[in-house]
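# Commentary on secondary and tertiary structure
Okay, here's what each chain looks like letter by letter:
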Amino acid sequence: AISVMVSGLFDEAGCMDIQNTAVEADIDLPGFTAILSGNMKDTGIKGDIDINLETVADLAFLFAPGLAEQMRPVGRIHIAANSYGMPDMPIAFDMRISGKDLGLSGPIIEKQSLSSGNIQIHAAGTYDSQKGSLALHTGQIHLLKNTHMELSGRIDDLMSKDPLVNLTIASLKIHMDEMVD
């Protein structure tokens, strides 16, 4: 079942107006569920998305049968996101992505298999569409059990051909045994 309602996405001139957007969505498909609700002016928009890669791949293979022999993904992905912003103010965001028991097998990776992969990503900050800048206050990536990175920074002139990137890695820990194993 799919139910989606979006309003305020465009202003009277037809220009995108993210700060006035409201959304209500409830999507329940095999291997994919999503619930989004709220509006950017008052409560913010919150969303949860769950993906079962094996089920989604089975459906995709119906439309591309040769792909099934090339690769076989497994695992689950969960995305939780919140965002809010007042008109003419930067949009605040907080997004978490987690992957559990991720894996891939098949000839696409030379008949090897990648499995038992877990990843967690957390990004929080602000996006100023008028200035074209993205500030990342919290950036964390956790891979497997003991490998992780923390970073922060900003990207200015995001829409230009030459954006200005200033990122700082606060910590980086790589556990080689689990990466190679």
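This report concerns the structure included in the present document. Predicted model only: the values in this text are computed from it and were never measured. (Residues numbered from 1 in each chain as written. Predicted model: local features only at pLDDT ≥ 70, side-chain atom pairs only at ≥ 80, totals over all residues. Heavy atoms only, no water.)

## Some thoughts on the overall build of the protein
Going by this rule: For helices the rule is a DSSP run of H or I covering at least 4 residues; for strands it is a run of E covering at least 2, with both sets numbered from the N terminus onward. Each residue is placed in one exposure class: buried if its accessible area under a 1.4 Å probe, protein chains only, is under 20% of its type's maximum, exposed if it is over 50%, and partly exposed if it falls in between. Note on contacts: a residue pair is in contact if any heavy atoms of the two residues lie within 4.5 Å. The accessible surface values rely on the Shrake-Rupley method and a 1.4 Å probe; as for residues, cover is taken only from the protein chains in view.
Looking only at helices and strands, one finds 3 helices and 10 strands in the protein. For the protein, the N- to C-terminal ordering of α and β elements is β-β-β-β-α-α-β-β-β-β-β-β-α. C-alpha atoms of the protein, sized along the principal axes, occupy 55 × 45 × 30 Å. Counting over 181 residues, the protein shows a buried share of 24%. Of the contacts formed within the protein by residues at least 6 apart in sequence, a portion of 38% connects residues at least 24 apart. As presented, the protein carries roughly 11,800 Å² of accessible surface, and 59% of it is formed by carbon and sulfur atoms.

## Thoughts on the nonpolar core
If you look at soluble globular proteins, the nonpolar side chains tend to sit buried side by side. The line we're drawing: Here the nonpolar core consists of buried residues drawn from Ala, Val, Leu, Ile, Met, Phe, Trp, Tyr and Cys, with membership extended through side-chain atoms lying within 4.5 Å.
Grouped together as the largest cluster of nonpolar side chains are 5 residues: Val-23, Ala-25, Met-40, Ile-45 and Ile-91. Residues in contact with Ile-91, not counting those within four places in the same chain, are Ile-18, Gln-19, Met-40, Ser-83, Tyr-84, Gly-85, Gly-125, Thr-126 and Tyr-127.

## Considering the pattern of salt bridges
Here is the rule: Criterion for a salt bridge: a side-chain nitrogen of Lys or Arg within 4 Å of a carboxyl oxygen of Asp or Glu.
Enumeration according to the criterion identifies 2 salt bridges in this entry. Arg-72 serves as the salt-bridge partner of Asp-58, at 2.4 Å between the closest nitrogen and oxygen. Placement of the pair is Asp-58 in helix H1 (residues 53-63) and Arg-72 in strand E5 (residues 72-84), with a sequence separation of 14 residues.

## Description of the environment of Ala-92
Inspection of the secondary structure assignment puts Ala-92 in strand E6 (residues 91-106). Each C-alpha atom of the pair Ala-92 and Ala-170 lies 22 Å from the other, and the pair is 78 residues apart in sequence. If sequence neighbours within four positions are ignored, Ala-92 has contacts with Asn-82, Ser-83, Tyr-84, Gly-125 and Thr-126.

## Some remarks on the pairing of strand E2 (residues 22-29)
Worth spelling out the cut-off: Should DSSP find at least two bridges between two strands, the strands are regarded as paired.
In terms of strand pairing, strand E1 (residues 2-7) meets E2 through 6 bridges, oriented antiparallel. Opposite Ser-7, over in E2, you have Ala-22 as the bridge partner. Hairpin geometry of E2 and strand E3 (residues 32-39) is characterised by an intervening segment of 2 residues between the two adjacent antiparallel strands and by a positive phi of about 80° at Gly-31.

## Some points on the layout of surface pockets
Threshold: Only protein atoms enter the 1 Å grid used here. Points where a 1.4 Å probe fits but cannot escape make up a cavity, open sets with protein on both sides within 12 Å along at least five of seven lines make up a pocket, and a residue lines them when an atom lies within 4 Å of a point. Grid points are joined across faces, edges and corners, and a volume is the space filled by probe spheres set on the points. In the scheme used here, Gly and all other residues not listed as nonpolar or charged are polar, with Ala, Val, Leu, Ile, Met, Phe, Trp, Tyr, Cys and Pro taken as nonpolar and Asp, Glu, Lys and Arg as charged.
By volume, the second largest pocket amounts to about 170 Å³. The wall of the second largest pocket is formed by Val-6, Leu-9, Ile-18, Thr-21, Val-23, Met-40, Ile-45, Ser-83, Ile-91 and Tyr-127. Of the residues contributing to the lining of the second largest pocket, the split by class is 8 nonpolar, 2 polar and no charged.

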